[in-house]
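# Residue-level structure breakdown
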Amino acid sequence: MKTILFNLNDSELEQFVTDLGQPRFRAKQIREWLNRGAPDFSVMKNLPEDLRAKLSEIAETLPLKIVKKLQSSDNQTTKFLLELNDGEQIECVLMRTTYGNSVCVSSQAGCAMGCKFCASTLLGLKRNLTVNEMFAQVLTAQWELRSDRLSDIKPNGDANNGDVSHIVVMGTGEPLQNTENVIGFLERANNELNISWRRITVSTCGIVPGIEELNKWGRPINLAISLHAPTDELRSQIMPINNKYKLREVLDAAFAFSDTHNRQLMIEYILLGKKDKDGSVVAYNANNEHAEKLVELLRGHNVMVNLIPWNSVDERDFASLSGNAVHRFQDILIKNGIHTRIRRERGADIGSACGQLRLKNAKGQK
Ligand code: SAH
């Protein structure tokens, strides 16, 4: 088994290089490369060539490797399929925007939540990710941005300094089933990469004790709740977690979080349709009545509703709604004073929606 140098602390790394008969300062040089996300040893040009060759034989840099890298046609989104040491695969997405560069991080290999519209959960939960495995996803994106600078992809907009500036824990997995490691990861991202709390978002399907734990932790991050339905009856049909934590409980915990930290709460709402017998698409959670019920739930609170067009998943029995239906839904929210926006589909051409790439790879498709 190769040693993963990123998992060693400073004295262990020093020991590792001195055991190879190398001077101690090599450890510092290697650490600098690791902290920049170097994917292998060949790029570490300030190390002697024979040392680089030796290291490649006996060690790895990060606790994950890039299996596949897909670039959207507009070059703004890069999706990585990454392999962990035990062969599990996860996904991570880098989004270059005018306000900065955002990385969507996975918190688990697979997911146990069983949401009926999602690809990530189709193969079940494999395991929680470690702090280092989450941190290494951000470093992988950071390294990619470095390659941008060396090529002709320019940062997108003036407010973008070319580094990772935002983290969203919205990849595969339920972060609040892995709360301790997620917190450890975010502490490090804040500490070592200077990513401010206000530029960090954790998205949950609504695990109430986890939300309370985040509240106790006390950092002013953004919280996003995957709501997707305005009644318990409908929500329980598409999100099994709703049988455990009801809408009211979830929203109360989330409002308490956003009030404590004086942050706007993000509500995620996928607009789902179903195919009728005659093949036409009817709204599943997105007719006028649903919109009005949603208004009732949220009125008077500091929220932003993110309306998400459904990214279609072959295995799932839903349909995407027309732009008109989405706008009609949005209009009702706006008329009632609820802030809302329609999420731009980033990288839809590269299967950027939750778990699609990992699923395809597991099934041996291209
Ligand atoms: N488990 C967490 C975070 C991961 S999912 C959560 O539930 O929030 C990130 C977001 O993508 C969630 O809002 C999820 O419901 C949504 N999502 C899942 N599958 C999707 C799909 N096929 N199209 C659009 N959004 C999807």
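The structure this text deals with has already been given above.
Just so we're clear, the structure is a prediction, and the values are computed from it rather than from any experiment.

## As for the overall build of the protein
Tallying secondary structure elements over the protein gives 11 helices and 16 strands in all. Taken against the 2.2 N^0.38 rule, which gives 21 Å for 366 residues, the C-alpha radius of gyration of the protein at 22 Å falls within 12% of a compact globule. C-alpha extents for the protein along the principal axes are approximately 70 × 45 × 40 Å. Counting every position in the protein, which comprises 366 residues, the buried fraction comes to 54%. For the protein, the share of sequence-separated contacts (at least 6 apart) that also reach a separation of at least 24 residues comes to 66%. As presented, the protein carries roughly 16,500 Å² of accessible surface, and 46% of it is formed by carbon and sulfur atoms.

## Quick look at helix α2 (residues 25-35)
Along α2, the residues classified as buried are R26, A27, Q29, I30, R31, W33 and L34. On the buried face of α2, the contacting elements are α1 (10-19), α3 (49-58) and α4 (131-150). Two residues or fewer past α2, G37 is found with a positive phi of approximately 90°.

## Side note on the site of the ligand
Within the structure, the ligand sits among 20 residues, and G173, S203, S226, H228 and N311 are positioned closest to it. Measuring from an oxygen atom of the ligand, one finds a side-chain N or O atom of S203 at 2.6 Å. If the ligand stood free it would expose 530 Å²; the protein chains cover 94% of that surface. Sorting the residues of the shell around the ligand by element identifies β10 (200-204), β12 (265-275) and β14 (303-309) as the ones contributing at least two each. Of the residues contributing to the shell around the ligand, the split by class is 11 nonpolar, seven polar and two charged.

## As for the pattern of salt bridges
Tallying each qualifying case throughout the model produces 14 salt bridges. In this structure, the salt-bridge partner of R24 is E14, at a minimum N-O distance of 3.4 Å. With R24 in the loop between α1 and α2 and E14 in helix α1, this pair connects stretches of sequence that are 10 residues apart. Ionic contacts of the salt-bridge type, sharing partners, join the residues D86, R127 and E133 into one network.

## Focus on unusual backbone geometry
We note that N194 has phi near 60°; this positive angle belongs to a residue other than glycine. Unusually for a residue other than glycine, H228 sits at a positive phi of about 65°. With respect to the element layout, H228 can be found in the loop between β11 (222-226) and α7 (232-238).

Calculation criteria
Residues numbered from 1 in each chain as written. Predicted model: local features only at pLDDT ≥ 70, side-chain atom pairs only at ≥ 80, totals over all residues. Heavy atoms only, no water. Helix = DSSP H or I, 4+ residues; strand = E, 2+ residues; numbered from the N terminus. Rg over C-alpha atoms; globule rule 2.2 N^0.38 Å. Buried < 20%, exposed > 50% of the residue type's maximum accessible area, 1.4 Å probe, protein only. Contact = heavy atoms within 4.5 Å. Areas by Shrake-Rupley, 256 points an atom, 1.4 Å probe, with all protein chains shown as cover. Near = heavy atom within 4 Å. Polar contact = N/O pair within 3.5 Å; in protein donor to acceptor, adjacent residues only side chain to side chain. Nonpolar A, V, L, I, M, F, W, Y, C, P; charged D, E, K, R; others polar. Salt bridge = Lys/Arg side-chain N within 4 Å of Asp/Glu carboxyl O.

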